[in-house]
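A closer look at the structure
The chain contents come next:
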Amino acid sequence: MPNTFAEALDASLANFLDSVPIRYRWLLLQTLYTAASRRQGIAKLGIQPGSKGLDVGSGFGAMTMEIATAWSCQIDGVDHDPTMLEMARSLMGPMTWLQDKVRWIPGDILALPYPEQSQDFICTRFVLQHVPDPKRALQEMYRVLRPGGFVYIEDIDEGLVLQYPPAPPAWDRVLSAFSHLQQERGGDRQIGRKIPVWLAQTGFAVHTIEPQWMAEMTHLEHNDPAIQWEIERVALELDALYASHLLTPEEWQAGLETFRDQVATIAFQANASLQIRAHRA
Ligand SMILES: C[S@@+](CC[C@H](N)C(=O)[O-])C[C@H]1O[C@@H](n2cnc3c(N)ncnc32)[C@H](O)[C@@H]1O
């Protein structure tokens, strides 16, 4: 993929930061921070020119647009959130060469709006962890893929985390409540290890499972926006955390105090996502 496209996309995404509604800001930051793993995965896709496929749960559409550019294929970015689709459409606006390759389609991963055996490939990244019935999502992908077509999935597993020094217990408490809230909504932050098994049970032949590590040393200033953004990510869910009795206001305050001090020390952190490729026999 030409560097110029990646750079242009990163710049457009970064320009968006001040204008996106606050509840989408964390997703935008994630899209920027995880660009390296996304691009490593895309480079290995091996899509035949002229093929057609889907990027399901396309979010801001970075992966959708990068696949279309790298492999000169037809691809639909599919998402159940109309605001996400609108933002992806607006990001693509200036990239006129993508207009006849990429479409933005409303749709649910549990009921894809496509006929059987109609697609050559399906990608889905950081989506299954949020889906209440991920096995059914895999069955839907199987249904829509043509025989021989492939599925490419990237997702997280919170078992794949290294950190030193460890998070202070009070902040750990906040993060654990946050993770439980995702679980209560039907999500799963340990889904990475399960996907290959479920794929095989659905009838896919699993080819590769690659952990993609991201490691960094951090030494943030107290006023670094990254600290504010991390706090914001949890703060947006405070009402839900309190209502489901996963966290109390006192625990939130205690967590906040230790978090600000801790992130401003020198730290090492690494986490991995899993990139999984399988095909429909
Ligand atoms: C964490 S974002 C990932 C975005 C993008 N794939 C990426 O890697 O940057 C998850 C996306 O999946 C979408 N999503 C969640 N559940 C979905 C469902 N059941 N059907 C379709 N899209 C869904 C969300 O609206 C969001 O845009």
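Heads up: the structure comes first, above all this text.
Quick summary incoming for the structure in this document. Because the structure is a prediction, the values reported are computed rather than measured. The numbering scheme is per chain: residues are counted from 1 as the chain's sequence reads. Selection of residues for local features in this predicted model requires a pLDDT of at least 70, selection of side-chain atom pairs for listing and counting requires 80 or more, and totals for whole chains, interfaces and linings are taken over all residues. Water and hydrogen atoms were dropped before computing side-chain values, which therefore reflect all heavy atoms in the structure.

**Focus: the packing of helix α2 (residues 22-33) against helix α9 (residues 225-235)**
Put simply, the test is: To get an axis, a line is fitted to the C-alpha atoms, and for a helix only the part in contact is used. The angle between two axes follows their N-to-C directions and goes from 0 to 180 degrees. Here a strand is any run of E in DSSP of at least two residues, a helix any run of H or I of at least four, and the numbering for each starts at the N terminus. Roughly parallel means an angle under 35 degrees; roughly antiparallel, over 145; roughly perpendicular, 65 to 115; everything else is oblique. Crossing handedness: left-handed means the near helix sits turned counterclockwise from the far one by under a right angle, and right-handed means the same turn made clockwise. The contact criterion used throughout is that any non-hydrogen atoms of two residues lie within 4.5 Å. Three categories are distinguished: nonpolar for Ala, Val, Leu, Ile, Met, Phe, Trp, Tyr, Cys and Pro, charged for Asp, Glu, Lys and Arg, and polar for the others, with Gly belonging to the last.
At their nearest, the axes of α2 and α9 sit 10 Å apart, and the two run at 125° to each other. The pairing of α2 with α9 is recorded here as oblique in orientation. For the element pair α2 and α9, the recorded crossing hand is left-handed. Taken together, the residues of α9 that come into contact with α2 (itself represented by Ile22, Arg25, Trp26, Leu29 and Tyr33) are Ala226, Trp229, Glu230, Glu232 and Arg233. The residue makeup of the contact of α2 with α9, split by class, is 6 nonpolar, no polar and 4 charged.

**Notes on the sheet that holds strand β4 (residues 119-125)**
By definition, the strands of a sheet pair up through backbone hydrogen bonds, in either a parallel or an antiparallel sense. Counted only if it meets this: Here the rule is simple: two strands pair whenever DSSP picks up at least two bridges between them.
Strand order across the open sheet formed by 7 strands is β3-β2-β1-β4-β5-β7-β6, with mixed pairing between neighbours. Sheet topology places β3 (102-106) and β6 (204-218) at the edges, where each strand pairs with a single neighbour. Between one strand and the next, the sheet's axes are offset by a mean angle of 20°, whatever the strand orientation. The pairing of strand β2 (residues 74-79) with β3 spans 5 bridges and is classified as parallel. Bridging from a neighbouring strand, Asp79 pairs with Pro106 of β3.

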